[in-house]
Amino acid sequence: MRVMAHVAMVMNLDKCIGCHTCTVTCKQVWTNRPGTEYVYFNNVETKPGIGYPKRYEDQEHWRGGWTLDRKGRLQLKAGGRLRRLLSIFYNPDLPTIDDYGDPWTYDYQTVIDAPLGTPNPSAHSISALTGRDMTVKWGSNFDDDLAGAPELAVDDPDLAGLQDRVKMEFEQVFMFYLPRICEHCLNPSCVASCPSGAMYKRAEDGIVLVDQDRCRGWRFCVSGCPYKKVYFNHRTGKAEKCTFCYPRIEQAMPTICSETCVGRLRYLGLVLYDADRVLDAAATPDTQDLYEAQLGVFLDPNDPYVAGEAARQGIPHDWIQAAQRSPVYELAVRHKVALPLHPEYRTLPMVWYIPPLSPVADVVGAAGYDDNPDNVFATIDALRIPMEYLANLFTAGDSDVIRRVLRKLAAVRAIQRAGQLGLDLDENLPASVGASGDELEDLYRLLAIAKYEDRYVIPPAHNEEAGRLMGQHEQLFCSLDTDGGPGMGGYGPPESGGRRTAFNLLNWNGKDKVPGMFPKARRA
């Protein structure tokens, strides 16, 4: 057993109001630079919808993530090394700027310089990439709040096979918001896709980053990521992605998207996992078993044996204590109400979601079924939001898991409602959802009234780890069966020839030459 720690996130979709505050703050902190005009490390999508970039979930088209070969072994969906080598100068699986939307600004100078008396001067749109006049046709959040739903939402890949059940008429349509960041997967296909070894997964906390010195702009990471959360900066020629705000995480502070979230829907915490089980879990034959397989990778931090092994293998004591108080472990493993996004991609994502209950409770509650989840789910087929749609998002199509999660959430709501209104409640209600009364009370407190320190349990980085934190860019390996592979913990071989000069990308203006941006070639 190889015990490792991983920082992870849970989002409660019942609380997201679609305000995009997380998107704006992330944009201001991380991508407010030349070359990143179209880049959103965090974005909030309306579901059903085609997302950003367009139809990123259609892996038959984009070929992201992993699949199994004829012998049941993991291989990149984009193909093996030979196929990638043959297409290294032409990658057909990349989204174009039309899929993201040409970023634009406005020619405000036209308005400013308009002579006095000019009737209604207006600022027309110009491309932020080319500086030319343009007509805006697509961009981030163009289908927000089901805008253009009859034409756009029907192309949502998650609606496959449900077109007859999901109608876009006003009185029948449903929607909810899905905030997305990089999943910082246990088995990241972006890392395995990188020919230059620039992408790596930190052994300390599992955060996936890009070494800007080593990146050569091949962009296989963009096509290899099934969530399309790796972007190409056309000004620097480098790949960029969500960093999980690692400078804040190292200071025991939450990510900026979590800190500024209006709905308080995000939870951050550590989970302990067995790195030796990652490969087997990702190679689980049946895609509907991948959720349970990933749960099997996680370790119980309250188990004395696990805690002892973690300490023996170098995990600091305060990190073990943080894992024992982790809200992510509570929601995903103990209560099992948080689910991974598209587990069928076999990347073992570490950003999990609590599926929305509101459309269920609101409609059924009006019929008087709040006090009995069995009655709630006896009528679920008549509700606007199909169980199969949520299953396509979070459980690779297994509706039974979604039904179990929503029954437990409905039970929590029913118990609290009965307590507030003095209603009689069936004593067997907790047992009917596989929980005790105390467990449902704990779940209510965590979901509804948890304080700041309960939602964000992040231990600070240790000074003795500074060398490893700074030296992770030496990572070279991408295979799953080596110590340096994705999710497997290793640091890669030491690099000969001394250390390179690094540069701070955030301080570069996109024009001037910066020492260290393009390392000098080494002589043989």
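Here is what the cut-offs are and how they apply
Residues numbered from 1 in each chain as written. Predicted model: local features only at pLDDT ≥ 70, side-chain atom pairs only at ≥ 80, totals over all residues. Heavy atoms only, no water. UniProt positions renumbered as here; feature names shortened; annotations may be inferred. Helix = DSSP H or I, 4+ residues; strand = E, 2+ residues; numbered from the N terminus. Buried < 20%, exposed > 50% of the residue type's maximum accessible area, 1.4 Å probe, protein only. Contact = heavy atoms within 4.5 Å. Areas by Shrake-Rupley, 256 points an atom, 1.4 Å probe, with all protein chains shown as cover. Axes fitted to C-alpha atoms, helices over the stretch in contact; angles between N-to-C directions. Parallel < 35°, antiparallel > 145°, perpendicular 65-115°, else oblique. Nonpolar A, V, L, I, M, F, W, Y, C, P; charged D, E, K, R; others polar. Pairing = 2+ DSSP bridges. Phe/Tyr/Trp six-rings, centres within 6.5 Å; stacked < 30°, edge-to-face > 60°. Lys NZ or Arg CZ within 6 Å of the ring centre and 35° of its normal. Core = buried A, V, L, I, M, F, W, Y, C linked by side-chain atoms within 4.5 Å. Polar contact = N/O pair within 3.5 Å; in protein donor to acceptor, adjacent residues only side chain to side chain. Left-handed = near helix turned anticlockwise from the far one by under 90°. pLDDT = per-residue confidence, 0-100. Patch = residues over 30% accessible without salt bridge, like charges linked within 9 Å, V, L, I, M, F, W, Y side chains within 5 Å. Salt bridge = Lys/Arg side-chain N within 4 Å of Asp/Glu carboxyl O.

- Naming follows an unreviewed UniProt entry, where the chain appears as Nitrate reductase subunit beta of Mycobacterium heckeshornense.
- Check the Subcellular location (unreviewed entry) section of the UniProt entry for the chain; it says "Cell envelope".

### Quick look at the overall build of the chain
- Secondary structure summary: the chain contains 23 helices and 15 strands in total.
- The buried share of the chain, taken over its 524 residues, is 56%.
- In the chain, 72% of the contacts between residues at least 6 apart in sequence involve partners at least 24 apart.
- On the chain, roughly 23,500 Å² of surface is accessible, and the fraction owed to carbon and sulfur atoms is 51%.

### Structural notes on the packing of helix 19 (residues 399-421) against helix 21 (residues 437-448)
- In contact at an axis separation of 10 Å, helix 19 and helix 21 are set at 90 degrees when each is read in the N-to-C sense. When the interaxial angle is binned, helix 19 and helix 21 end up roughly perpendicular. Each of Lys-408, Leu-409, Ala-411, Val-412, Ile-415 and Gln-416 in helix 19 lies in contact with helix 21, whose residues at this interface are Leu-440, Glu-441, Leu-443, Tyr-444 and Leu-447.
- Partitioned by chemical class, the residues of the contact of helix 19 with helix 21 number eight nonpolar, one polar and two charged.

### Focus on the sheet that holds strand 1 (residues 3-12)
- One open sheet holds the five strands; their spatial order is 13-12-1-15-14, and the pairing between them is mixed. Unpaired on one side and paired on the other, strand 13 (298-299) and strand 14 (339-340) mark the two borders of the sheet.
- When strand 1 meets strand 12 (residues 266-274), the two strands line up antiparallel, connected through nine bridges. Its bridge partner lying in strand 12, Met-9 is registered against Leu-268.

### A few points about the packing of aromatic side chains
- For the structure shown, the criterion picks out 17 aromatic pairs.
- Measuring from centroid to centroid gives 5.0 Å for Tyr-452 and Tyr-456, while their planes differ by 85 degrees, and the two rings are edge-to-face.
- A relative accessible area of 39% places Tyr-452 in the partly exposed class.
- Grouping aromatic residues by their ring pairs yields a cluster made of Tyr-38, Tyr-40, Phe-41, Tyr-52, Tyr-100 and Tyr-231.
- Against the face of Tyr-40 rests Lys-27, its NZ or CZ located 4.6 Å from the ring centre.
- The aromatic ring of Tyr-56 is capped on one face by Arg-180, whose charged end is 3.8 Å from the ring centroid.

### A few points about the nonpolar core
- Of all hydrophobic cores here, the largest spans 139 residues; its most connected members are Met-199, Phe-244, Leu-272, Phe-298, Leu-331 and Phe-394.
- For this core, the leading source of residues is helix 19, giving nine residues.
- Ignoring anything within four residues of it in the chain, the contact list for Leu-272 reads Val-3, Met-4, Ala-5, Phe-298, Leu-299, Pro-301, Val-306, Ala-310, Ile-315 and Ala-323.

### Details of the pairing of strand 12
- Along strand 12, nine of the nine residues are buried, which leaves the element largely enclosed by surrounding structure.
- Burial along strand 12 is two-sided: Arg-266, Leu-268, Leu-270, Leu-272 and Asp-274 facing one way and Tyr-267, Gly-269, Val-271 and Tyr-273 facing the other are all buried.
- Strand direction decides the pairing type here: strand 12 and strand 13, joined by two bridges, are antiparallel. Along strand 13, the bridge assignment pairs Leu-272 with Leu-299.

### Structural notes on helix 15 (residues 327-334)
- Here helix 15 lies mainly inside the structure; seven of its eight residues are buried.
- Considered for burial, the residues of helix 15 that qualify are Pro-327, Val-328, Tyr-329, Glu-330, Leu-331, Ala-332 and Val-333.
- Capping of helix 15 at its N-terminal end is provided by Ser-326; its side-chain oxygen lies 3.2 Å from the backbone amide nitrogen of Val-328.
- Positive phi shows up at Lys-336, right after helix 15, with a value of about 55 degrees.

### Focus on the pairing of strand 7 (residues 176-180)
- By the criterion of burial, strand 7 is predominantly enclosed, with five of the five residues buried.
- The alternating pattern of strand 7 places Phe-176, Leu-178 and Arg-180 on one face and Tyr-177 and Pro-179 on the opposite face, and all of these are buried.
- Where strand 2 (residues 43-47) lies against strand 7, five bridges are found, and the strand directions are antiparallel. Within the sheet, the bridge partner assigned to Glu-45 lies in strand 7 and is Leu-178.

### Topic: the packing of helix 15 against helix 21
- In the contact formed by helix 15 and helix 21, the axes pass within 11 Å of each other and the chain directions differ by 130 degrees. By the angle between their axes, helix 15 is oblique relative to helix 21. The interaxial crossing formed by helix 15 with helix 21 has left-handed handedness. Facing Pro-327, Glu-330, Leu-331 and Arg-334 of helix 15, the residues of helix 21 in contact are Glu-439, Asp-442, Leu-443, Leu-446 and Leu-447.
- In terms of residue class, the contact of helix 15 with helix 21 is built from five nonpolar, no polar and four charged.

### Overview of unusual backbone geometry
- For the bond running from Lys-47 to Pro-48, omega is 0 degrees, close enough to zero to count as cis.
- Along the chain, Pro-48 turns up in the loop between strand 2 and helix 2 (59-62).
- In this structure, Pro-53 follows Tyr-52 across a cis peptide bond, with omega equal to -5 degrees.
- In this fold, Pro-53 is placed in the loop between strand 2 and helix 2.
- Located in the positive-phi region is Arg-264, a residue other than glycine, with phi close to 55 degrees.
- Tracing the sequence through the fold places Arg-264 in the loop between helix 10 (256-259) and strand 12.
- For Arg-264, a relative accessible area of 52% gives the class exposed.

### Observations concerning the confidence of the model for the chain
- On average, residues of the chain carry a pLDDT of 86, and 83% of them reach 70 or more.
- When the criterion is pLDDT under 50, residues 470-510 qualifies, and its contacts beyond four places in sequence or with other chains add up to 110 contacts.

### Section: a nonpolar patch on the surface
- Taken together, Trp-104, Tyr-106, Tyr-108, Ile-112 and Phe-142 make up a surface patch of nonpolar side chains, about 500 Å² in accessible area.
- On the secondary structure map, Tyr-106 appears in strand 5 (residues 104-106).

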